[in-house]
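The residues making up each chain are set out below.
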Amino acid sequence: EQDTHYIGYVPIEKFGEFRSKALNVSHSKCGRAGVYATKQKISRPDHKTMGDVLAHRGPDGEGIWIDESDNIGFVHRRLSIIDLSDNGRQPMQYGDGRYTVTFNGEIYNYKQLRQELSALGSTFRTHSDTEVLLEAWKQWGPVSLNRLRGMFAFALLNETTGELILARDHFGIKPLHYAVRNNGLVFGSELKAILPALDNLEMDRTGLLSSLVFGWLPDAYCMWRDVKKLPAGHWASFTPSGRLDLH
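Residues numbered from 1 in each chain as written. Predicted model: local features only at pLDDT ≥ 70, side-chain atom pairs only at ≥ 80, totals over all residues. Heavy atoms only, no water.

(A) Representation of the overall build of the chain within the structure. Across its full length, the chain holds six helices and 14 strands. When burial is assessed residue by residue, the chain has 48% of its 247 residues classed as buried. Summarising the internal contacts of the chain: among those between residues at least 6 apart in sequence, 56% fall at separations of at least 24. Counting only carbon and sulfur atoms, one obtains 50% of the accessible surface of the chain, whose full area is about 12,700 Å². (Helix = DSSP H or I, 4+ residues; strand = E, 2+ residues; numbered from the N terminus. Buried < 20%, exposed > 50% of the residue type's maximum accessible area, 1.4 Å probe, protein only. Contact = heavy atoms within 4.5 Å. Areas by Shrake-Rupley, 256 points an atom, 1.4 Å probe, with all protein chains shown as cover.)

Dropping the structure here:
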C-alpha cells in the first residue's frame, strides 16, 4: 500500500485541489484595520475612514475601539455568521480588559476548543468563535495557533505588555496587509484600508513587475514600498519600542 503524506489534515496529493478551492472562498467575511502609533495620538475620524473603506466586507455592523492612551486603535466591519447577537460584536475584549481582538474568518473546531477551555476553568458569555480565540490565547499563548482549524486573520493586543499580535491562517485564505513606519504599525484586511494612514507612498517596482509578468502578486510582494502581506501560517509581534518580529 502506497504511503500517503499529509500537510495538516490534507493528503499531499490533494493539496493543490484543496488550496484552489480554499482560495475561491469569498473574502467578504468581515473586515478589520488598525493603527499602533508609538509617537503620536490617533483619532476616531481616521479609523472611521478606514472602516468606511471596508464597509462592503461587513454590512452587519461597525465597531471602533481606541485605547486609553489614544495610541492604539482597531476598527471592525462585521458580517454576522455564528453568534448573531450584539454579544458577538467586535473589536472584542477579554473579560478583564487585558486582551482586545479584531478577528476575521471562522474557526471550524471552536466548539471542541470551547469544551477544552471550559474544562480548564474558562467561562464564556457569547457563542462566538472570537471569544474562544481570546480564551485560547489567554490559556496557551502562541501555541494556540497550532490548535486552530479554519480560515482566519486577526490582530490581538495585550494591554498589559503593549504587545500587538498579527496572525494569519495556515493556507493564507484570509488576507492581512501591514506596514511599519516611524516606529508605528498600520494593518488591514485590504490594501486600500491602510492607505489613508500612510503618507508619501512610493510604487514598488518589483511588485509592479511581478504583477505584469505573473498576472498576480506573489505573497512576498506588494504594489507599494514598505507595505507587506503577513505570510500564510505565520504570526508577528509588534512591541511598544517599534520592533516587529516574524514567527
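(B) Geometry of the packing of helix α3 (residues 110-119) against helix α4 (residues 129-140). Two numbers describe how α3 lies on α4: the axes approach to 10 Å, and their chain directions differ by 45 degrees. Here α3 lies oblique to α4, going by the angle between them. The two elements α3 and α4 cross, and the hand of that crossing is left-handed. Where α3 approaches α4, its residues Y110, L113, R114, E116 and L117 are matched on the opposing element by D129, V132, E135, A136, Q139 and W140. (Axes fitted to C-alpha atoms, helices over the stretch in contact; angles between N-to-C directions. Parallel < 35°, antiparallel > 145°, perpendicular 65-115°, else oblique. Left-handed = near helix turned anticlockwise from the far one by under 90°.)

(C) Fine view of unusual backbone geometry. If you check the backbone angles, D70 has positive phi at about 60 degrees while not being a glycine. Among the secondary structure elements, D70 is positioned in the loop between β4 (61-66) and β5 (72-78). In this model, D226 sits at a positive phi of 80 degrees, which is unusual for a non-glycine residue. Here D226 falls in the partly exposed class, since its relative accessible area comes to 40%.

(D) The arrangement of the sheet that holds strand β6 (residues 92-93) in detail. The six strands lie next to each other as β6-β7-β8-β9-β13-β14, forming an open sheet whose pairing is antiparallel. Where the open sheet ends on each side, the last strands, each with one partner, are β6 and β14 (244-246). Judged from the three bridges that link them, strand β13 (residues 235-238) and β14 form a sheet pairing that is antiparallel. When the bridges of β14 are listed, A236 appears paired with L246. α4 rests against β6, β7 (99-107), β8 (150-158) and β9 (163-168) of the sheet, and its axis sits at about 125 degrees to β7. (Pairing = 2+ DSSP bridges.)

(E) The pairing of β8, seen in detail. Counted residue by residue, β8 has nine buried out of nine residues, so it is predominantly covered. Judged by which residues are buried, β8 turns out to be covered on both faces: G150, F152, F154, L156 and N158 on one side and M151, A153, A155 and L157 on the other are all buried. Inspection of the sheet shows β7 paired to β8 by nine bridges, in the antiparallel sense. Across the sheet, residue G105 finds its bridge partner in β8, namely F152. Strand direction decides the pairing type here: β8 and β9, joined by six bridges, are antiparallel. Along β9, the bridge assignment pairs L157 with L164.

(F) Local environment of a nonpolar patch on the surface. Among the surface-exposed residues, M203, L208, L209, L212, V213, F214 and W216 lie close enough to one another that they form a single nonpolar patch of about 760 Å² accessible area. Within the fold, F214 resides in helix α6 (residues 205-214). Classification of F214 by relative accessible area gives exposed; the value is 53%. (Patch = residues over 30% accessible without salt bridge, like charges linked within 9 Å, V, L, I, M, F, W, Y side chains within 5 Å. Salt bridge = Lys/Arg side-chain N within 4 Å of Asp/Glu carboxyl O.)

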